[in-house]
Structures are given as structure tokens and as C-alpha cells.
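Chain by chain, the residues:
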Amino acid sequence: MNALTLWFHRMGSPPTFYAFAERWRPWFLWSGLLLTVVALAWGLFFTPADYLQGDSYRIIYIHVPSAWMGQFVFAVMAVSGFVALVWRIKLAEIVSLASAPIGATFTAIALATGSLWGRPTWGTYWVWDARLTSTLILLFLYFGVIGLSRAIEDRRKAARAAALLAIVGLVNIPIIQYSVYWWNTLHQPSSVRLFRGETTIDPSMLWPLLLMAVATKLYYAWSLLGRAQAMVLEQESGKDWVRQLATADRNA
Amino acid sequence: MNPARQRRIWMILLILLGAGVATALALTALQQNIQHFFSPSDIAQGKAPVERTFRLGGLVEEGSIERVGEGLTVRFVVTDRFRLQPAEFTGILPDLFREGQSVVAVGRMRDGVFVADEVLAKHDETYMPAEVADAIARARVKQAAEAAGNDGPAVPAAASDDPSTRY
């Protein structure tokens, strides 16, 4: 067994996972906060104003990283859901379910900030074009996953049903990504391109955006591990290691 | 890998494939409805539903904006660089409305003129500081002057004469 597989197997054990999360969460939190402060200060005060939109373009530093996270978290949710369905690993179920509220929040932030930007730029808060509509569907898919996981009594069955919805919902991700190329939309195409085409945002404006993308991922790691810890404790509430943890906590 | 897991993997991939194909078929069937707007070429080719309200999208043709009298009525021409479509709008235009800017207008055809009830500005994916936009505009004017073989006083280019005309 190679080191990575071994690590995954060890992580599957709740006490090991709990200790791992306990150890790394502060790092994710503080590095994430630090990066957020640096990136936002840079983006809001030290980048030049846009030639056409003036200062209102600065909402990009919240809007775009949130939109990226909305899709990224959904992908994580679907992949861990896949692992949960095939290998029946409890921790994968937990990671999948714990991701849903975080991704939903990021998607909601992307929709709200986009709407606030749309009013001065386009002249409207909302249009039913393909990009906006598919992003709204993403939010509803998150709601569906959360709702489904709460609607079924048996915890593991609930997790599996939600995982299946997450996997099917994955179909929506390329639609969001390519909607601006496949159809006429009011929303503009991507300014930042990783693989094909050129990035059409000036380098002086790009760096804080990329920093925010890293910062939001660190925040996600922190939030996910915290939620997963709580769910692991709930699931293992009768076990010895949890009892020991609780007594240690009381004595401290 | 044990057969039960293998079977589950195939099941999931099959479900994903099914969902993907179903979505692709639905989107292809709805192609026309998902288009947010029609271009002047679509109107010329009879693809736009000209008998009812629809959205027209394109660039505001340079030099075409014309105010009618004292009121709020504005006439302009929308182009996709292939066809021209005259349009008319009475009301307050978005700040970004200018020549060479992409717009999406809601309205209907009346005697060959698109009468808009609402005009929205479409922003493109270009983000840059004003100095960069000016530098690009200056370089373009210089290039054009060199191409024309005269290096006389260049016409000062407005910042709107820039890549935002890309559509």
C-alpha cells in the first residue's frame, strides 16, 4: 500500500480524523483570515479603478471567488458522495453532507453580489439568462441535497440519497461554466482562463482575485473540518474515545 | 476490486451518463428559448420572433446615437458587425450605454424599427485600468495613422474606442 492510500485508510478511522481536524483547523482558519484581509485590502484599496466600471468592479473580489467556490464545493460533495456510495465509507458521507451548507452559502453570496453589480452595470438586478439561471439551479440543488439528507430518518440512507443527488447535479457544473459560450447571455464570459484563451483582466487587478480564491479554499477547509468533527462526534457518541474526550474536556 | 463495488461504480456512471444525455437533449431542444437575445442577423434571417416582444442584442453602432427633440427618446443602430438594426428607446439609459458598447434591449418591431421598452448594457470580460485603456487606444490611433501613411495629428481617441467593442 502506498503512502497516500495508507493515509486515506487511516483517515477513515473517526478518532484519527478527529485528531487530524483538531490539529489543522487553526492553521486553515488563521492562514485563511490573513489571506482574506491581505487580498481584500489589496483589491479594495491598492488596485486601479476599471476604465469603464470605475470602482464598482471591485465586487469581483467577492463575487468571482464565491462563484468558483459554489462550483468547487459541489464537485467535492459529488466526489465524496461517489466514494460514500461505492466504498460505503462513513467519513465520505460526512464530508459530502458537511460541504452542502458551505457551498450553498458561497453560491448565495455569488448570486447576491452579482445582483448588486448588475444594477449599476447592466441596469437590472436580475435577468433569466443561461448563466444566472444555471447558478440559481446550483443553489436549489444544494437546497435539495440538504433537504433530502434531513428528510430521511436513517442517517446512512439519507447520506446515500443525498450523495446520488449530488452526483446527478454534477451535470449542472459544465452548463454553468460553458453557458456563456453556448448561448447568448447578458453575463460576460470568464475573464480568468486557466487552460485555453487569454486572461482578459489586467495583471494589476488579477493577483488579489487569485489570493481570494486561495483564501476561500482555506476557509472551506476550516469550516468543513469543523462541521465534520461535530458530525463524527454525533455518529460515534457512544464510543469510548468520545467519552474520554468528553471527560478530558470537563476536567480541563 | 470486489464485484459489489464494481457494480456500484458502473451503476453510478450509468446514472450520471443518463442524466447527462437527458440534460443535453433537453438543452438542445430548448436551444432557441435559452438564447437570451437575438442579433440583427437573426432578425434578417427570420430567426427572431418579430411578431411579439423579444430581446435584441448587439453593439451600438458608432456615430448612430441621436436624440429626438427635447424628450428622452433616443434613436440608435444595433449591429453585430454583419447587419444593422435601427432601434428607438424612450427612458433613462444605463450609465454604460455608449457607442461601441454591447446592449441588450427588450421590445418589439414596428415598421422595421425595434422599439425598446428597456435597454440593458452588457459588460464584456475585459477589466483594465484607465491608463491601460488609454494606451491601447493611443496605440491603435497611431497604428491606423501609420497604415494610412500619414503621421499628422492623430485624432484623440476616447476610452470607449477599446476592446469593449469586442462582442
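Residues numbered from 1 in each chain as written. Chains lettered and ligands numbered in written order. Predicted model: local features only at pLDDT ≥ 70, side-chain atom pairs only at ≥ 80, totals over all residues.

A. Examining the overall build of chain A more closely. A tally of regular secondary structure across chain A gives nine helices and zero strands. For chain A, the succession of helices and strands along the chain, N to C, is α-α-α-α-α-α-α-α-α. Here chain A holds 252 residues, and the buried ones make up 42% of them. Long-range contacts, defined here as pairs at least 24 residues apart, represent 75% of the contacts in chain A between residues at least 6 apart. (Helix = DSSP H or I, 4+ residues; strand = E, 2+ residues; numbered from the N terminus. Buried ≥ 20, exposed ≤ 12 C-beta atoms within 10 Å, placed from the backbone. Contact = placed C-beta atoms within 7 Å.)

B. Quick peek at unusual backbone geometry. All names here are of chain B. Positive phi outside glycine occurs at Arg81, with the angle close to 75 degrees. Counting through the fold element by element, Arg81 comes out in the loop between β3 (73-79) and β4 (84-90). With a phi angle near 50 degrees, Asp111 is a residue other than glycine that sits in the positive phi range. The residue Asp111 is located in the loop between β5 (102-110) and β6 (113-122) in this model. When the 6 C-beta atoms within 10 Å are taken as the criterion, Asp111 is described as exposed.

C. Highlighting the packing of helix α2 (residues 14-46) of chain A against helix α8 (residues 203-235) of chain A. Residue and element names in this part refer to chain A. Where α2 contacts α8, the axes come no closer than 7 Å and their chain directions differ by 150 degrees. In terms of axis orientation, α2 runs roughly antiparallel to α8. Seen from above, α2 lies across α8 with left-handed handedness. Of the residues assigned to the contact of α2 with α8, the class counts are 23 nonpolar, six polar and one charged. (Axes fitted to C-alpha atoms, helices over the stretch in contact; angles between N-to-C directions. Parallel < 35°, antiparallel > 145°, perpendicular 65-115°, else oblique. Left-handed = near helix turned anticlockwise from the far one by under 90°. Nonpolar A, V, L, I, M, F, W, Y, C, P; charged D, E, K, R; others polar.)

D. Main features of the interface of chain B and chain A. With 33 residues of chain B at the interface, the matching set in chain A holds 36 residues. Those elements giving two or more residues to the side of chain B that touches chain A turn out to be α1 (3-29), β6 and α4 (130-147) of chain B. Per-element tally for the side of chain B that touches chain A: the top contributor is α1 of chain B, with nine residues. Class assignment for the residues of the side of chain B that touches chain A results in 19 nonpolar, eight polar and six charged.

E. A look at the confidence of the model for chain B. Residue and element names in this part refer to chain B. Across chain B, the average pLDDT comes to 84, with 89% of residues at 70 or higher. Every residue in residues 152-167 is under pLDDT 50, and counting partners more than four places away or in other chains gives 33 contacts. Confidence estimates for the predicted assembly give a pTM of 0.88 and an ipTM of 0.78. (pLDDT = per-residue confidence, 0-100.)

F. Looking closely at the pairing of β6 of chain B. Residue and element names in this part refer to chain B. Examined bridge by bridge, β4 and β6 share three bridges and lie parallel to one another. By the bridge assignment, Glu88 is partnered in β6 with Val115. In the sheet, β5 pairs with β6 via nine bridges, with the strands oriented antiparallel. What sits directly across from Gly107, in β6, is Ala116. Turn length for the β5-β6 hairpin, with the two strands adjacent in sequence and antiparallel, is two residues, and the turn residue Asp111 shows positive phi of about 50 degrees. (Pairing = 2+ DSSP bridges.)

G. Examining the pairing of β3 of chain B more closely. Residues and elements named next belong to chain B. Where strand β1 (residues 54-60) lies against β3, two bridges are found, and the strand directions are antiparallel. From the neighbouring strand, Val60 faces β3, where its bridge partner is Val78. Summarising the sheet, strand β2 (residues 66-67) and β3 pair through two bridges and their orientation is antiparallel. Across the sheet, residue Glu66 finds its bridge partner in β3, namely Arg75. In sequence, β2 turns back onto β3 through a hairpin of five residues, with Gly69 there showing a positive phi of about 60 degrees. By the bridge criterion, seven bridges tie β3 to β4 in an arrangement that is antiparallel.

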